[in-house]
Amino acid sequence: MDSVDTGFVPVFVYAIFGSSRQLATGPVALVSLLVSNVLSGIADPSDPLYTELAILLALMVGVLEGIMGLLRLGWLIRFISHSVISGFTTASAIVIALSQAKYFLGYDIVRSSKIVPLIKSIIAGADKFSWPPFVMGSIILATILFMKHLGKSRKQFKFLRAAGPLTAVVMGTTFAKMFHPSSISLVGDIPQGLPSFSIPKEFGHVKSLIPTAILITGVAILESVGIAKALAAKNGYELDSSQELFGLGLANICGSFFSAYPATGSFSRSAVSNESGAKTGLSGVITGIIICCSLLFLTPLFEYIPLCSLAAIVVSAVMGLVDYDEAIFLWHVDKKDFLLWTITSTTTLFLGIEIGVLLGVGVSLAFVIHESANPHIAVLGRLPGTTVYRNLQQYPEAYSYNGIVIVRVDAPIYFANISYIKERLREYEVDVDKSSRRGPEVERIYFVILEMAPVTYVDSSAVQALKDLYHEYKSRDIQIAISNPNREVLLSLMKAGLIDLIGKEWYFVRVHDAVQVCLQHVQSSNQTPKLADSLKDDKSSFFRRLLKERDNDSSVADVESGDTKLLISKNIDPQLEPLLSRKS
(Lines give C-alpha, C1' and ligand atoms only; values in the text may rest on other atoms or scores of the structure.)
Protein backbone atom coordinates (compact mmCIF):
# COMPACT_ATOMS: atom_id res chain seq x y z
CA MET A 1 0.00 0.00 0.00
CA ASP A 2 1.26 3.49 -0.91
CA SER A 3 0.11 6.79 -2.28
CA VAL A 4 0.85 5.65 -5.85
CA ASP A 5 -1.75 2.86 -5.52
CA THR A 6 -4.23 5.36 -4.06
CA GLY A 7 -3.58 7.74 -6.94
CA PHE A 8 -4.22 5.14 -9.66
CA VAL A 9 -7.41 3.01 -9.41
CA PRO A 10 -9.59 5.61 -7.58
CA VAL A 11 -8.72 8.16 -10.28
CA PHE A 12 -10.17 5.92 -13.02
CA VAL A 13 -13.27 4.98 -11.05
CA TYR A 14 -14.12 8.51 -9.95
CA ALA A 15 -13.60 9.90 -13.46
CA ILE A 16 -16.35 7.53 -14.66
CA PHE A 17 -18.85 7.78 -11.80
CA GLY A 18 -18.15 11.22 -10.23
CA SER A 19 -19.90 14.45 -11.18
CA SER A 20 -17.16 17.06 -10.85
CA ARG A 21 -15.26 17.89 -14.03
CA GLN A 22 -12.12 19.18 -12.31
CA LEU A 23 -11.89 17.25 -9.03
CA ALA A 24 -8.76 15.10 -8.82
CA THR A 25 -9.02 12.18 -6.41
CA GLY A 26 -6.20 10.41 -4.66
CA PRO A 27 -4.17 10.59 -1.45
CA VAL A 28 -4.43 13.87 0.47
CA ALA A 29 -2.39 15.11 3.39
CA LEU A 30 -5.30 15.51 5.81
CA VAL A 31 -6.72 12.02 5.32
CA SER A 32 -3.20 10.56 5.40
CA LEU A 33 -2.64 12.34 8.71
CA LEU A 34 -5.91 10.96 10.15
CA VAL A 35 -5.10 7.42 9.01
CA SER A 36 -1.59 7.64 10.42
CA ASN A 37 -2.69 9.06 13.79
CA VAL A 38 -5.36 6.39 14.35
CA LEU A 39 -3.56 3.34 13.03
CA SER A 40 -0.30 4.19 14.77
CA GLY A 41 -2.09 3.52 18.06
CA ILE A 42 -3.10 0.05 16.87
CA ALA A 43 -0.06 -1.23 14.98
CA ASP A 44 3.46 -0.18 14.07
CA PRO A 45 3.75 1.36 10.59
CA SER A 46 6.24 -1.35 9.64
CA ASP A 47 3.80 -4.09 10.66
CA PRO A 48 1.78 -5.72 7.81
CA LEU A 49 -1.31 -5.29 10.04
CA TYR A 50 -0.93 -1.51 9.66
CA THR A 51 -1.20 -1.82 5.88
CA GLU A 52 -4.18 -4.19 6.05
CA LEU A 53 -6.05 -1.89 8.42
CA ALA A 54 -5.48 1.10 6.11
CA ILE A 55 -6.86 -0.90 3.17
CA LEU A 56 -9.83 -1.99 5.29
CA LEU A 57 -10.47 1.65 6.18
CA ALA A 58 -10.66 2.49 2.48
CA LEU A 59 -13.34 -0.18 2.03
CA MET A 60 -15.34 1.05 5.04
CA VAL A 61 -15.13 4.69 3.97
CA GLY A 62 -16.18 3.71 0.45
CA VAL A 63 -19.19 1.77 1.73
CA LEU A 64 -20.33 4.70 3.90
CA GLU A 65 -19.97 7.19 1.04
CA GLY A 66 -21.68 4.82 -1.42
CA ILE A 67 -24.66 4.29 0.91
CA MET A 68 -25.05 8.05 1.36
CA GLY A 69 -24.99 8.47 -2.41
CA LEU A 70 -27.53 5.70 -3.06
CA LEU A 71 -29.87 7.10 -0.41
CA ARG A 72 -29.63 10.48 -2.14
CA LEU A 73 -28.31 12.16 0.99
CA GLY A 74 -26.41 14.67 -1.08
CA TRP A 75 -29.00 17.27 -0.04
CA LEU A 76 -27.19 17.43 3.30
CA ILE A 77 -24.39 19.20 1.48
CA ARG A 78 -26.80 22.07 0.72
CA PHE A 79 -26.28 23.24 4.29
CA ILE A 80 -22.69 24.05 3.38
CA SER A 81 -23.17 27.60 2.15
CA HIS A 82 -21.03 29.29 -0.48
CA SER A 83 -19.53 31.52 2.23
CA VAL A 84 -18.39 28.46 4.21
CA ILE A 85 -16.86 26.84 1.13
CA SER A 86 -15.10 30.04 0.10
CA GLY A 87 -13.67 30.59 3.59
CA PHE A 88 -12.69 26.93 3.83
CA THR A 89 -10.91 26.85 0.45
CA THR A 90 -9.13 30.15 1.14
CA ALA A 91 -7.76 28.98 4.48
CA SER A 92 -6.89 25.52 3.17
CA ALA A 93 -5.05 27.04 0.21
CA ILE A 94 -2.91 29.11 2.60
CA VAL A 95 -2.15 26.06 4.76
CA ILE A 96 -1.29 23.92 1.72
CA ALA A 97 0.98 26.64 0.32
CA LEU A 98 2.81 26.90 3.66
CA SER A 99 3.16 23.12 3.85
CA GLN A 100 5.12 23.28 0.57
CA ALA A 101 7.59 25.76 2.05
CA LYS A 102 9.93 22.96 3.17
CA TYR A 103 10.75 22.16 -0.46
CA PHE A 104 11.71 25.80 -1.10
CA LEU A 105 13.62 26.29 2.15
CA GLY A 106 15.54 23.02 2.05
CA TYR A 107 14.62 21.70 5.51
CA ASP A 108 11.75 19.74 7.06
CA ILE A 109 8.85 21.42 8.82
CA VAL A 110 6.11 19.91 10.94
CA ARG A 111 3.11 18.33 9.21
CA SER A 112 0.00 20.13 10.38
CA SER A 113 -3.32 21.48 9.12
CA LYS A 114 -2.96 24.56 11.35
CA ILE A 115 -1.10 27.71 10.44
CA VAL A 116 0.56 28.41 13.81
CA PRO A 117 2.58 25.15 14.07
CA LEU A 118 3.63 25.56 10.43
CA ILE A 119 4.90 29.11 10.95
CA LYS A 120 6.64 28.16 14.21
CA SER A 121 8.34 25.25 12.50
CA ILE A 122 9.45 27.41 9.57
CA ILE A 123 10.94 30.02 11.93
CA ALA A 124 12.57 27.42 14.20
CA GLY A 125 14.46 25.83 11.29
CA ALA A 126 15.60 29.08 9.68
CA ASP A 127 19.25 28.30 10.46
CA LYS A 128 19.03 25.30 8.07
CA PHE A 129 17.94 27.46 5.14
CA SER A 130 19.42 26.42 1.78
CA TRP A 131 19.71 28.79 -1.18
CA PRO A 132 19.70 26.39 -4.16
CA PRO A 133 16.18 24.92 -3.73
CA PHE A 134 14.82 28.38 -2.85
CA VAL A 135 16.28 30.00 -5.98
CA MET A 136 15.27 27.11 -8.22
CA GLY A 137 11.75 26.89 -6.78
CA SER A 138 11.27 30.67 -7.01
CA ILE A 139 12.40 30.78 -10.65
CA ILE A 140 10.07 27.92 -11.58
CA LEU A 141 7.16 29.49 -9.65
CA ALA A 142 7.74 32.83 -11.37
CA THR A 143 7.85 31.06 -14.75
CA ILE A 144 4.53 29.29 -14.10
CA LEU A 145 2.85 32.50 -12.92
CA PHE A 146 4.16 34.42 -15.93
CA MET A 147 2.88 31.74 -18.33
CA LYS A 148 -0.48 31.72 -16.55
CA HIS A 149 -0.79 35.51 -16.76
CA LEU A 150 0.21 35.50 -20.42
CA GLY A 151 -2.29 32.73 -21.17
CA LYS A 152 -5.09 34.71 -19.50
CA SER A 153 -4.30 38.10 -21.02
CA ARG A 154 -3.51 37.03 -24.59
CA LYS A 155 -5.86 34.69 -26.44
CA GLN A 156 -3.16 33.54 -28.83
CA PHE A 157 -1.12 32.29 -25.85
CA LYS A 158 -4.00 30.51 -24.11
CA PHE A 159 -2.17 27.17 -24.36
CA LEU A 160 0.53 28.48 -21.99
CA ARG A 161 -1.82 28.12 -18.98
CA ALA A 162 -1.88 24.34 -19.37
CA ALA A 163 1.78 24.17 -20.35
CA GLY A 164 3.01 25.83 -17.15
CA PRO A 165 3.15 22.75 -14.86
CA LEU A 166 4.70 20.61 -17.60
CA THR A 167 7.31 23.29 -18.25
CA ALA A 168 8.14 23.35 -14.54
CA VAL A 169 8.68 19.58 -14.45
CA VAL A 170 10.82 19.61 -17.62
CA MET A 171 12.93 22.56 -16.42
CA GLY A 172 13.55 21.03 -13.01
CA THR A 173 14.23 17.53 -14.30
CA THR A 174 16.63 18.76 -17.00
CA PHE A 175 18.58 20.84 -14.50
CA ALA A 176 18.79 17.99 -11.97
CA LYS A 177 19.80 15.46 -14.63
CA MET A 178 22.55 17.70 -15.99
CA PHE A 179 24.08 19.09 -12.78
CA HIS A 180 23.11 16.56 -10.06
CA PRO A 181 22.86 19.22 -7.31
CA SER A 182 23.24 17.60 -3.90
CA SER A 183 21.41 20.36 -2.04
CA ILE A 184 18.18 19.96 -4.04
CA SER A 185 15.93 17.06 -2.97
CA LEU A 186 14.58 14.84 -5.73
CA VAL A 187 11.52 12.60 -5.91
CA GLY A 188 13.70 9.50 -5.81
CA ASP A 189 12.89 5.90 -6.64
CA ILE A 190 9.27 5.01 -7.47
CA PRO A 191 8.26 1.30 -7.68
CA GLN A 192 7.59 0.24 -11.27
CA GLY A 193 4.45 -1.66 -12.34
CA LEU A 194 0.71 -1.63 -11.63
CA PRO A 195 -0.79 -2.52 -8.21
CA SER A 196 -2.00 -6.09 -7.92
CA PHE A 197 -5.53 -7.21 -6.99
CA SER A 198 -6.09 -8.33 -3.38
CA ILE A 199 -9.08 -8.68 -1.07
CA PRO A 200 -9.14 -6.58 2.14
CA LYS A 201 -8.53 -8.59 5.30
CA GLU A 202 -8.58 -8.18 9.08
CA PHE A 203 -12.37 -7.75 9.26
CA GLY A 204 -12.14 -8.50 12.97
CA HIS A 205 -11.04 -4.90 13.49
CA VAL A 206 -14.11 -3.42 11.77
CA LYS A 207 -15.84 -2.51 15.03
CA SER A 208 -12.84 -0.62 16.39
CA LEU A 209 -12.38 1.25 13.09
CA ILE A 210 -16.01 2.45 12.75
CA PRO A 211 -15.45 5.82 14.54
CA THR A 212 -12.35 6.45 12.44
CA ALA A 213 -14.17 5.51 9.24
CA ILE A 214 -17.00 7.92 10.10
CA LEU A 215 -14.52 10.72 10.87
CA ILE A 216 -12.57 10.18 7.66
CA THR A 217 -15.82 9.96 5.67
CA GLY A 218 -17.03 13.26 7.08
CA VAL A 219 -13.73 15.03 6.49
CA ALA A 220 -13.37 13.50 3.02
CA ILE A 221 -16.88 14.55 2.01
CA LEU A 222 -16.42 18.08 3.31
CA GLU A 223 -13.05 18.43 1.60
CA SER A 224 -14.08 16.79 -1.68
CA VAL A 225 -17.50 18.34 -2.04
CA GLY A 226 -16.18 21.67 -0.78
CA ILE A 227 -13.54 21.97 -3.50
CA ALA A 228 -15.85 20.36 -6.09
CA LYS A 229 -18.60 22.91 -5.40
CA ALA A 230 -16.10 25.77 -5.48
CA LEU A 231 -14.73 24.62 -8.83
CA ALA A 232 -18.24 23.97 -10.18
CA ALA A 233 -19.29 27.52 -9.27
CA LYS A 234 -16.11 28.92 -10.82
CA ASN A 235 -16.72 27.00 -14.07
CA GLY A 236 -20.47 27.63 -14.26
CA TYR A 237 -22.14 24.23 -13.84
CA GLU A 238 -24.25 22.44 -11.22
CA LEU A 239 -22.80 19.71 -9.01
CA ASP A 240 -24.84 16.58 -8.18
CA SER A 241 -23.84 16.00 -4.55
CA SER A 242 -25.41 12.52 -4.36
CA GLN A 243 -23.60 11.43 -7.52
CA GLU A 244 -20.44 12.90 -6.04
CA LEU A 245 -20.82 10.78 -2.90
CA PHE A 246 -21.52 7.65 -4.93
CA GLY A 247 -18.50 8.27 -7.17
CA LEU A 248 -16.18 8.80 -4.19
CA GLY A 249 -17.58 5.71 -2.47
CA LEU A 250 -17.11 3.47 -5.49
CA ALA A 251 -13.60 4.86 -6.01
CA ASN A 252 -12.61 3.90 -2.45
CA ILE A 253 -14.28 0.48 -2.63
CA CYS A 254 -12.47 -0.40 -5.86
CA GLY A 255 -9.25 1.13 -4.57
CA SER A 256 -9.34 -1.10 -1.48
CA PHE A 257 -9.05 -4.14 -3.77
CA PHE A 258 -5.81 -2.72 -5.18
CA SER A 259 -3.99 -1.94 -1.90
CA ALA A 260 -5.12 1.69 -1.66
CA TYR A 261 -5.90 3.56 1.54
CA PRO A 262 -8.78 6.12 1.71
CA ALA A 263 -8.77 8.54 -1.20
CA THR A 264 -10.65 11.78 -1.60
CA GLY A 265 -10.63 14.94 -3.65
CA SER A 266 -7.32 16.76 -3.48
CA PHE A 267 -7.22 20.54 -3.12
CA SER A 268 -3.82 20.94 -4.72
CA ARG A 269 -4.27 18.49 -7.62
CA SER A 270 -7.80 19.75 -8.30
CA ALA A 271 -6.46 23.29 -8.43
CA VAL A 272 -3.77 22.16 -10.88
CA SER A 273 -6.43 20.37 -12.95
CA ASN A 274 -8.58 23.50 -13.02
CA GLU A 275 -5.68 25.79 -13.88
CA SER A 276 -4.68 23.41 -16.67
CA GLY A 277 -8.07 23.95 -18.31
CA ALA A 278 -9.87 20.68 -17.50
CA LYS A 279 -13.51 20.97 -18.64
CA THR A 280 -14.94 17.41 -18.47
CA GLY A 281 -14.52 14.15 -16.59
CA LEU A 282 -12.45 12.92 -19.52
CA SER A 283 -9.52 14.77 -17.98
CA GLY A 284 -9.65 12.25 -15.11
CA VAL A 285 -9.62 9.31 -17.51
CA ILE A 286 -6.65 10.79 -19.36
CA THR A 287 -4.93 11.39 -16.03
CA GLY A 288 -5.50 7.74 -15.11
CA ILE A 289 -4.11 6.54 -18.44
CA ILE A 290 -1.05 8.74 -18.05
CA ILE A 291 -0.51 7.44 -14.50
CA CYS A 292 -0.85 3.88 -15.83
CA CYS A 293 1.73 4.45 -18.57
CA SER A 294 3.98 6.27 -16.14
CA LEU A 295 3.89 3.39 -13.64
CA LEU A 296 4.73 0.94 -16.41
CA PHE A 297 7.40 2.82 -18.33
CA LEU A 298 8.37 6.22 -16.97
CA THR A 299 9.17 5.75 -13.29
CA PRO A 300 12.96 5.94 -13.90
CA LEU A 301 12.53 9.48 -15.28
CA PHE A 302 10.60 10.68 -12.23
CA GLU A 303 13.58 9.96 -10.05
CA TYR A 304 15.16 13.27 -11.11
CA ILE A 305 12.17 15.58 -10.62
CA PRO A 306 13.13 18.19 -7.97
CA LEU A 307 10.61 18.43 -5.14
CA CYS A 308 10.80 22.24 -5.30
CA SER A 309 9.45 22.04 -8.88
CA LEU A 310 6.42 20.10 -7.72
CA ALA A 311 6.00 22.50 -4.80
CA ALA A 312 6.03 25.45 -7.20
CA ILE A 313 3.24 23.80 -9.23
CA VAL A 314 1.14 23.29 -6.08
CA VAL A 315 1.70 26.83 -4.80
CA SER A 316 0.81 28.40 -8.16
CA ALA A 317 -2.36 26.31 -8.29
CA VAL A 318 -3.64 27.04 -4.76
CA MET A 319 -2.99 30.77 -5.15
CA GLY A 320 -6.10 30.86 -7.32
CA LEU A 321 -8.14 29.42 -4.46
CA VAL A 322 -7.38 32.32 -2.10
CA ASP A 323 -10.72 34.04 -2.62
CA TYR A 324 -10.19 37.46 -1.07
CA ASP A 325 -12.39 39.03 -3.76
CA GLU A 326 -15.30 37.03 -2.36
CA ALA A 327 -14.65 38.44 1.11
CA ILE A 328 -14.74 42.01 -0.24
CA PHE A 329 -17.93 41.23 -2.15
CA LEU A 330 -19.62 39.74 0.94
CA TRP A 331 -18.61 42.74 3.04
CA HIS A 332 -20.44 45.07 0.68
CA VAL A 333 -23.45 42.81 0.04
CA ASP A 334 -24.18 40.81 3.19
CA LYS A 335 -22.38 41.33 6.51
CA LYS A 336 -23.82 38.08 7.85
CA ASP A 337 -22.24 36.05 5.06
CA PHE A 338 -19.00 37.96 5.54
CA LEU A 339 -19.04 36.98 9.22
CA LEU A 340 -19.60 33.36 8.19
CA TRP A 341 -16.69 33.55 5.73
CA THR A 342 -14.44 35.08 8.41
CA ILE A 343 -15.36 32.50 11.05
CA THR A 344 -14.78 29.58 8.68
CA SER A 345 -11.47 30.83 7.28
CA THR A 346 -10.09 31.91 10.67
CA THR A 347 -10.99 28.71 12.51
CA THR A 348 -9.73 26.59 9.61
CA LEU A 349 -6.41 28.41 9.72
CA PHE A 350 -5.90 28.30 13.47
CA LEU A 351 -7.86 25.23 14.63
CA GLY A 352 -7.59 22.89 11.66
CA ILE A 353 -9.66 21.92 8.65
CA GLU A 354 -12.11 19.63 10.47
CA ILE A 355 -12.97 22.12 13.21
CA GLY A 356 -13.07 25.02 10.76
CA VAL A 357 -15.56 23.42 8.42
CA LEU A 358 -17.70 21.94 11.19
CA LEU A 359 -17.84 25.29 12.97
CA GLY A 360 -18.63 27.08 9.71
CA VAL A 361 -21.44 24.65 8.93
CA GLY A 362 -22.68 24.92 12.53
CA VAL A 363 -22.84 28.72 12.42
CA SER A 364 -24.48 28.55 8.99
CA LEU A 365 -27.15 26.21 10.38
CA ALA A 366 -27.60 28.54 13.35
CA PHE A 367 -28.32 31.38 10.90
CA VAL A 368 -30.83 29.19 9.04
CA ILE A 369 -32.58 28.22 12.28
CA HIS A 370 -32.68 31.84 13.44
CA GLU A 371 -34.17 33.03 10.15
CA SER A 372 -36.70 30.20 10.21
CA ALA A 373 -37.71 30.85 13.80
CA ASN A 374 -37.95 34.62 13.22
CA PRO A 375 -39.66 34.94 9.83
CA HIS A 376 -40.33 38.21 8.08
CA ILE A 377 -43.77 39.60 8.90
CA ALA A 378 -45.13 42.65 7.13
CA VAL A 379 -47.98 45.03 7.91
CA LEU A 380 -49.75 45.75 4.64
CA GLY A 381 -51.36 48.88 3.30
CA ARG A 382 -53.27 49.75 0.14
CA LEU A 383 -51.46 51.46 -2.71
CA PRO A 384 -53.38 54.59 -3.77
CA GLY A 385 -55.57 54.10 -6.83
CA THR A 386 -55.33 50.29 -6.74
CA THR A 387 -56.65 47.25 -4.91
CA VAL A 388 -53.06 46.08 -4.30
CA TYR A 389 -51.75 45.75 -0.74
CA ARG A 390 -48.03 45.97 0.00
CA ASN A 391 -45.60 46.30 2.90
CA LEU A 392 -46.05 49.72 4.54
CA GLN A 393 -42.33 49.99 5.28
CA GLN A 394 -41.43 49.36 1.64
CA TYR A 395 -44.19 51.58 0.26
CA PRO A 396 -44.65 54.63 2.52
CA GLU A 397 -47.39 56.00 0.24
CA ALA A 398 -49.63 53.00 1.02
CA TYR A 399 -52.32 53.45 3.65
CA SER A 400 -54.42 51.20 5.89
CA TYR A 401 -57.79 51.60 7.63
CA ASN A 402 -58.68 52.45 11.20
CA GLY A 403 -59.78 49.42 13.19
CA ILE A 404 -58.13 46.95 10.75
CA VAL A 405 -54.62 45.46 10.80
CA ILE A 406 -53.47 43.52 7.72
CA VAL A 407 -50.52 41.20 8.34
CA ARG A 408 -48.59 38.99 5.90
CA VAL A 409 -46.45 36.09 7.15
CA ASP A 410 -43.65 35.38 4.65
CA ALA A 411 -42.81 31.83 5.73
CA PRO A 412 -44.30 28.45 6.61
CA ILE A 413 -45.90 28.48 10.06
CA TYR A 414 -44.70 25.70 12.34
CA PHE A 415 -43.76 24.95 15.93
CA ALA A 416 -40.43 26.85 15.83
CA ASN A 417 -41.81 30.21 14.71
CA ILE A 418 -45.43 30.31 15.88
CA SER A 419 -44.54 31.93 19.21
CA TYR A 420 -42.62 34.69 17.42
CA ILE A 421 -45.53 35.24 15.02
CA LYS A 422 -48.03 35.52 17.91
CA GLU A 423 -45.79 38.03 19.69
CA ARG A 424 -45.52 40.17 16.58
CA LEU A 425 -49.30 40.07 16.03
CA ARG A 426 -49.84 41.33 19.57
CA GLU A 427 -47.36 44.16 18.91
CA TYR A 428 -49.12 45.16 15.69
CA GLU A 429 -52.44 45.17 17.51
CA VAL A 430 -51.35 47.91 19.90
CA ASP A 431 -48.50 49.61 18.04
CA VAL A 432 -49.80 50.80 14.67
CA ASP A 433 -48.88 53.82 12.61
CA LYS A 434 -51.91 56.09 12.58
CA SER A 435 -50.39 58.71 10.28
CA SER A 436 -51.41 56.89 7.09
CA ARG A 437 -54.71 55.40 8.21
CA ARG A 438 -58.13 56.18 6.70
CA GLY A 439 -61.73 55.37 7.37
CA PRO A 440 -63.96 56.16 10.34
CA GLU A 441 -62.32 57.13 13.61
CA VAL A 442 -62.36 54.24 16.07
CA GLU A 443 -60.59 53.74 19.37
CA ARG A 444 -59.33 50.19 18.93
CA ILE A 445 -58.62 47.31 16.54
CA TYR A 446 -61.67 45.31 15.44
CA PHE A 447 -60.16 43.05 12.77
CA VAL A 448 -56.83 41.31 12.10
CA ILE A 449 -56.51 40.06 8.51
CA LEU A 450 -53.87 37.37 7.92
CA GLU A 451 -52.58 37.30 4.34
CA MET A 452 -51.44 33.66 3.97
CA ALA A 453 -50.44 33.51 0.29
CA PRO A 454 -46.70 33.08 1.15
CA VAL A 455 -47.48 30.41 3.81
CA THR A 456 -46.72 27.06 2.16
CA TYR A 457 -47.24 24.86 5.22
CA VAL A 458 -48.78 24.81 8.70
CA ASP A 459 -48.20 22.07 11.25
CA SER A 460 -50.31 20.89 14.18
CA SER A 461 -48.56 23.22 16.62
CA ALA A 462 -49.29 26.19 14.39
CA VAL A 463 -52.96 25.21 14.04
CA GLN A 464 -53.33 24.90 17.81
CA ALA A 465 -51.62 28.25 18.29
CA LEU A 466 -53.98 29.86 15.77
CA LYS A 467 -56.91 28.43 17.72
CA ASP A 468 -55.51 29.94 20.93
CA LEU A 469 -54.99 33.24 19.13
CA TYR A 470 -58.59 33.17 17.89
CA HIS A 471 -59.94 32.65 21.43
CA GLU A 472 -57.62 35.36 22.77
CA TYR A 473 -58.87 37.82 20.15
CA LYS A 474 -62.48 36.80 20.66
CA SER A 475 -62.21 37.59 24.36
CA ARG A 476 -61.27 41.16 23.34
CA ASP A 477 -63.92 41.33 20.59
CA ILE A 478 -61.41 41.12 17.70
CA GLN A 479 -62.19 39.03 14.63
CA ILE A 480 -59.57 37.14 12.61
CA ALA A 481 -59.95 37.01 8.82
CA ILE A 482 -57.89 34.71 6.58
CA SER A 483 -56.90 35.74 3.05
CA ASN A 484 -55.75 33.49 0.19
CA PRO A 485 -54.43 30.33 1.91
CA ASN A 486 -53.15 27.74 -0.57
CA ARG A 487 -54.82 24.35 -1.00
CA GLU A 488 -52.56 22.41 1.40
CA VAL A 489 -52.88 25.03 4.13
CA LEU A 490 -56.65 25.22 3.60
CA LEU A 491 -56.97 21.45 3.97
CA SER A 492 -54.91 21.51 7.18
CA LEU A 493 -57.08 24.26 8.64
CA MET A 494 -60.26 22.42 7.63
CA LYS A 495 -59.17 19.09 9.12
CA ALA A 496 -58.22 20.83 12.35
CA GLY A 497 -61.64 22.48 12.58
CA LEU A 498 -60.21 25.99 12.38
CA ILE A 499 -62.40 26.97 9.44
CA ASP A 500 -65.59 26.23 11.34
CA LEU A 501 -64.18 27.85 14.47
CA ILE A 502 -63.34 31.16 12.78
CA GLY A 503 -66.31 30.98 10.42
CA LYS A 504 -66.40 30.25 6.73
CA GLU A 505 -67.50 33.81 6.00
CA TRP A 506 -64.09 35.06 7.22
CA TYR A 507 -62.06 33.32 4.50
CA PHE A 508 -61.34 35.45 1.41
CA VAL A 509 -59.69 35.18 -1.98
CA ARG A 510 -58.10 38.63 -1.83
CA VAL A 511 -56.96 40.97 0.90
CA HIS A 512 -59.07 43.68 -0.70
CA ASP A 513 -62.23 41.57 -0.35
CA ALA A 514 -61.48 41.03 3.34
CA VAL A 515 -60.84 44.75 3.86
CA GLN A 516 -64.19 45.70 2.30
CA VAL A 517 -66.18 43.40 4.54
CA CYS A 518 -64.22 44.36 7.66
CA LEU A 519 -64.49 48.07 6.82
CA GLN A 520 -68.28 47.78 6.53
CA HIS A 521 -68.41 46.38 10.06
CA VAL A 522 -66.21 49.22 11.33
CA GLN A 523 -68.39 51.80 9.56
CA SER A 524 -71.63 50.32 10.84
CA SER A 525 -70.38 50.37 14.42
CA ASN A 526 -69.51 54.06 14.09
CA GLN A 527 -72.66 55.47 12.40
CA THR A 528 -76.18 56.54 13.43
CA PRO A 529 -78.78 53.84 14.06
CA LYS A 530 -80.75 54.86 10.96
CA LEU A 531 -77.78 54.61 8.70
CA ALA A 532 -76.62 51.49 10.50
CA ASP A 533 -80.01 49.86 9.79
CA SER A 534 -79.67 50.76 6.13
CA LEU A 535 -76.22 49.25 6.02
CA LYS A 536 -77.48 46.25 7.93
CA ASP A 537 -80.02 45.57 5.19
CA ASP A 538 -77.32 45.87 2.54
CA LYS A 539 -74.98 43.76 4.61
CA SER A 540 -77.59 41.10 5.19
CA SER A 541 -78.30 40.92 1.49
CA PHE A 542 -74.57 40.78 0.78
CA PHE A 543 -73.85 37.99 3.28
CA ARG A 544 -76.87 36.01 2.13
CA ARG A 545 -75.33 35.90 -1.32
CA LEU A 546 -71.96 34.89 0.09
CA LEU A 547 -73.32 32.21 2.39
CA LYS A 548 -75.59 30.84 -0.34
CA GLU A 549 -72.61 30.34 -2.64
CA ARG A 550 -70.56 28.75 0.13
CA ASP A 551 -73.38 26.44 1.20
CA ASN A 552 -73.53 25.16 -2.36
CA ASP A 553 -69.91 24.12 -2.27
CA SER A 554 -68.35 23.80 1.19
CA SER A 555 -67.79 20.07 1.69
CA VAL A 556 -64.40 18.53 2.42
CA ALA A 557 -64.57 16.68 -0.88
CA ASP A 558 -64.90 19.95 -2.76
CA VAL A 559 -61.90 21.41 -0.96
CA GLU A 560 -59.81 18.28 -1.53
CA SER A 561 -60.58 18.51 -5.24
CA GLY A 562 -59.04 21.98 -5.23
CA ASP A 563 -62.31 23.95 -5.33
CA THR A 564 -61.80 27.34 -3.69
CA LYS A 565 -65.44 28.44 -3.67
CA LEU A 566 -65.24 28.04 0.07
CA LEU A 567 -63.50 31.41 -0.11
CA ILE A 568 -65.47 34.58 -0.59
CA SER A 569 -66.97 35.28 -4.01
CA LYS A 570 -65.24 37.87 -6.13
CA ASN A 571 -68.58 39.52 -6.97
CA ILE A 572 -68.18 42.30 -4.42
CA ASP A 573 -70.97 44.82 -4.10
CA PRO A 574 -69.73 48.15 -5.52
CA GLN A 575 -71.31 49.91 -2.53
CA LEU A 576 -68.69 48.30 -0.31
CA GLU A 577 -65.74 49.68 -2.29
CA PRO A 578 -63.85 51.99 0.14
CA LEU A 579 -63.53 55.49 -1.29
CA LEU A 580 -59.92 56.46 -2.04
CA SER A 581 -60.75 60.08 -1.39
CA ARG A 582 -62.22 59.42 2.05
CA LYS A 583 -60.11 61.01 4.78
CA SER A 584 -59.93 59.94 8.36
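The structure this text deals with has already been given above.
The present account deals with the structure reproduced in this document. Keep in mind that what you see is a predicted model, and the values were worked out from it rather than measured.

This part covers the overall build of the protein. If you tally the helices and strands in the protein, you get 24 helices and ten strands. Of all 584 residues assigned to the protein, the portion counted as buried reaches 49%. Residue pairs in contact within the protein that sit at least 24 positions apart in sequence constitute 79% of those at least 6 positions apart. Summed over its atoms, the accessible surface of the protein is roughly 27800 Å², and 62% of this surface lies on carbon and sulfur atoms.

The next thing to look at is the packing of helix 15 (residues 324-333) against helix 16 (residues 335-351). Two elements in contact, helix 15 and helix 16, have axes separated by 6 Å at closest approach and are oriented at 145 degrees. Every residue of helix 16 that contacts helix 15 at Glu326, Ala327, Leu330, Trp331 and Val333 is listed here: Lys335, Asp337, Phe338 and Trp341. Of the residues assigned to the contact of helix 15 with helix 16, the class counts are six nonpolar, no polar and three charged.

Another aspect to go through is the side chain of serine 345. With respect to the element layout, serine 345 can be found in helix 16. Classification of serine 345 by relative accessible area gives buried; the value is 7%. Here the side chain of serine 345 touches threonine 342 through a polar contact of 3.2 Å, landing on its backbone oxygen. When near neighbours in sequence (up to four residues on either side) are disregarded, serine 345 contacts Gly87 and Ala91.

Here the focus is helix 15. Those residues of helix 15 lying buried are Glu326, Ala327 and Leu330. The buried residues of helix 15 occupy an angular sector of 100 degrees when the element is viewed end-on, so they sit on one face. Facing away from the buried side of helix 15 by over 90 degrees, the exposed positions are Tyr324, Asp325 and His332.

Scoring rules and cut-offs
Residues numbered from 1 in each chain as written. Predicted model: local features only at pLDDT ≥ 70, side-chain atom pairs only at ≥ 80, totals over all residues. Heavy atoms only, no water. Helix = DSSP H or I, 4+ residues; strand = E, 2+ residues; numbered from the N terminus. Buried < 20%, exposed > 50% of the residue type's maximum accessible area, 1.4 Å probe, protein only. Contact = heavy atoms within 4.5 Å. Areas by Shrake-Rupley, 256 points an atom, 1.4 Å probe, with all protein chains shown as cover. Axes fitted to C-alpha atoms, helices over the stretch in contact; angles between N-to-C directions. Nonpolar A, V, L, I, M, F, W, Y, C, P; charged D, E, K, R; others polar. Polar contact = N/O pair within 3.5 Å; in protein donor to acceptor, adjacent residues only side chain to side chain. Arc of directions from axis to C-beta.

All we've got here are geometric facts, nothing functional implied.
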